Amino acid sequence: MQRRCLTLEARPTPRRTAFGRALPTLAVVASFAALIVAPSPALAADEFEKHVGRINVVWGDPSPGSELAPLQVFHLTEETGRTFELEVSAALLRLHGGLAAWDGRLVEATVVPAGASEGVRRGTADGAPLRVRSVVFLADGTSDAARGGVSGSQPWVSILCKFQDIGSEPENLAYFQNMYANQPGGLDHYWRELSYDTIDIVGSTAIDWVVLPNPQTFYVPTPGSGSNANLGVLFNDCTAAADPFIDYSNGGSAFQGINMMFNGLLDCCAWGGSRFATLDGLSKSWRVTWEPPWGYADEGVIAHEMGHGFGLPHATNWDNDGNPYDTPWDVMSAATGYAVNDATYGRLGKHVLAYHKNDRLGWIPGAEIFVPPGDGSFNITLDHMALATTSNHRIARIEIEGSNRFYTVESRKRVGNYDGNVPDDAVIICEVDPGRSEPAWTVDSDVPPAGYGDNEGTMWKVGETFSDAAASISIAVTGETTDGFEVTITVGPVMIFGDGFESGDLSGWS
Ligand SMILES: [Zn+2]
C-alpha cells in the first residue's frame, strides 16, 4: 500500500505522477483527506495521547517513469530521541498555516494512538503512525521560512552507505566530493548562483563507502517499490557507520545537511527533508536526503532533495491534476526537465520560482521586490532570475485582496549554467496559496491548461496580458530587454477599460 500523500486536498482528478516529467496516465488516488476530516468514532479521553516534540517533514519523490504519487511524511521527535510518524490531515495542516508553519516546530500534538483509531496500522519508518487530532505550537522552534530564510554557509556531508549484502560502489569518492565544487556544475556553485551568494556550501565533504550492519531488505522490504523504506533506521545506521570518520559537530561549525548515498534502491523514492537527531552531542534538525543510485545519477535530483532539506515544498503547473512534477520552471517541480546536461553529473538543477526564493528562503533583497504601493498602473523592469546582480527589480509580488493568496511575477531567460535550457525566454507568473501542498502554481492561459508547463500559455511574452478581473489585477508584458522583461502591473479598480476598450488587447485575457 502506498503511504498516503497529502497532496490530495481539493484535487478533483488526482493522478499518479512521475518525478521529472509529466505522464498522461490517469489513476484515481483515494481521497483520504475526506476520510480524515470526517467525524470519527467516539474515543474516550484517555485513549488520546499527547506528545511534545519537534516536527520534521520529509518528501518522497518516485523514480522517473514509476507513475507513483509523491509522498509527504511528518515525523515528531521527542526530547528522548523517540520518533513517531504522524498522520496530519490536509485540513489540519491548512488550519495552521500549511507546511512552512509546521516544519521544524516544537509542538504538543494530541494523537490517537495506533490501534485505537479506525484500524490505521502500517509498517512505517518509525512504527505505526499516530493520527494528529489537534496541535499546539509551543514558543520554541521555528522553520527556516519563519526565521527569514536560509543564509550563510551551509556545509553538507555526503555519506556513502553500502547495504551489507550489496558490494557495488556505483560511484567513487571523488565523484561525490567533486559534486560539491564551486565551479559550473558543482553544487556550491549552483547554490551560490541560485541564492545570489546568500548561501554557500563551503566545507561540504564526502565520506567514503561504509557498510551498514544489515542487508538491503532489512531496511527496504520491497526495493524499488512501495513506501516502506525504514527512513529512521537508515538514518541511524548510516550516520553511525560513518561516525568514526566524521565529526558532525565539525568543531563548532556544524554540518547543516547530510546526503545519504545508498548503493541500492530504497522503496519507490528518493527522500529529502529534515530530521531531528543527536549526532556527536549536537541535537538539532538536520537537513537530510536519502538517495538511491538513480538519485545521484542526475544532480538535479540531488538539488531537488537538498531543496526539501532547505524546507522547500514542490511547485506545480496550472492543471490541478495532483502531479507536482509538471512545471519546468523550478527544480522543485520537474527536477530534470529542461535541465542543462553535464557530462559527469547528468541533468543539473535549475533555478527556483520567486515564491521559493523570496518567501521561503529570503534570497531576494527588499529593494529588488516590487510591491504595488496602492492602486494604480506601474511600469517596472524585471531582470531574469539567473542574473547575478540587478539594479532593477527581480520579482513582483502582488497581494490578492481579501485572501492570503498573491501573485509573483519573474523573468526567465535561457542563459547561465542552470537556466540555460529552460523552454524559452519569458515572464512567468505564479499564483501562490501558502496553505496548499504546492503553494506556487505557474499560471497558464490555455483552456484547458496544458498538462506540462512548457507551453506558450505559461510563457508570458511581449504583447500578452494576464488578468484576474475578480481581483482587479492585470500584468502586461510590454517589452523585452537584454536581461529581462518590461512589465506593466495594474492594480485596483482603475480605468482599465476607461477608454472604451480601444487601447486594450484582450487576446490574452482569460
Ligand atoms: Zn520532491
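This structure is a prediction, so every number in the text was calculated from the model and none was measured.

Cut-offs and rules
Residues numbered from 1 in each chain as written. Predicted model: local features only at pLDDT ≥ 70, side-chain atom pairs only at ≥ 80, totals over all residues. Helix = DSSP H or I, 4+ residues; strand = E, 2+ residues; numbered from the N terminus. Buried ≥ 20, exposed ≤ 12 C-beta atoms within 10 Å, placed from the backbone. Contact = placed C-beta atoms within 7 Å. Pairing = 2+ DSSP bridges. Core = buried A, V, L, I, M, F, W, Y, C linked by C-beta atoms within 7 Å. Axes fitted to C-alpha atoms, helices over the stretch in contact; angles between N-to-C directions.

J.: Give a description of the overall build of the protein that names residues and reports values.
T.: The helix and strand inventory of the protein stands at ten helices and 23 strands. Buried positions account for 53% of the 510 residues belonging to the protein. Partitioning the contacts of the protein with sequence separation of at least 6, the portion at a separation of at least 24 is 69%.

J.: Can you tell me about the pairing of strand 12 (residues 282-291), naming the residues and giving the values?
T.: Most of strand 12 is tucked away: seven of the ten residues are buried. One ladder, built from five bridges, connects strand 10 (residues 257-262) with strand 12; its direction is parallel. Residue Gly257 lies in a different strand from strand 12, and its bridge partner there is Arg287. The sheet contact formed by strand 11 (residues 269-279) and strand 12 spans nine bridges and is antiparallel. The residue of strand 12 that forms the bridge with Gly272 is Thr289.

J.: Hey, could you go over the nonpolar core for me, with residue numbers and the actual values?
T.: Counting residues in hydrophobic clusters, the biggest one holds 130 residues, and the most contacted among them are Ile159, Met260, Val409, Val427, Ile429, Cys430 and Val487. Those residues in contact with Val487 that lie beyond four places of it in its chain are Ile380, Leu382, Ala396, Val409, Val427, Ile475, Ala476, Val477 and Thr478.

J.: Lay out the environment of Ala100 in plain terms, naming residues and giving numbers.
T.: Counting through the fold element by element, Ala100 comes out in helix 3 (residues 99-102). Of the residues examined, Ala100 has 22 C-beta atoms within 10 Å and is grouped as buried. For the pair Ala100 and Pro313, spaced 213 residues apart in sequence, the C-alpha to C-alpha distance is 8.5 Å.

J.: Give me the lowdown on the sheet that holds strand 21 (residues 465-468), citing residues and values where you can.
T.: Either a parallel or an antiparallel arrangement is found when strands of a sheet pair, and the pairing is made through backbone hydrogen bonds. As summarised here, the arrangement of the four strands in space is 16-23-22-21, forming an open sheet in which the pairing is antiparallel. With one partner strand each, in any of the chains shown, strand 16 (376-383) and strand 21 form the two edges of the open sheet. The sheet shows a mean angle of 20° between the axes of neighbouring strands, taken without regard to direction.

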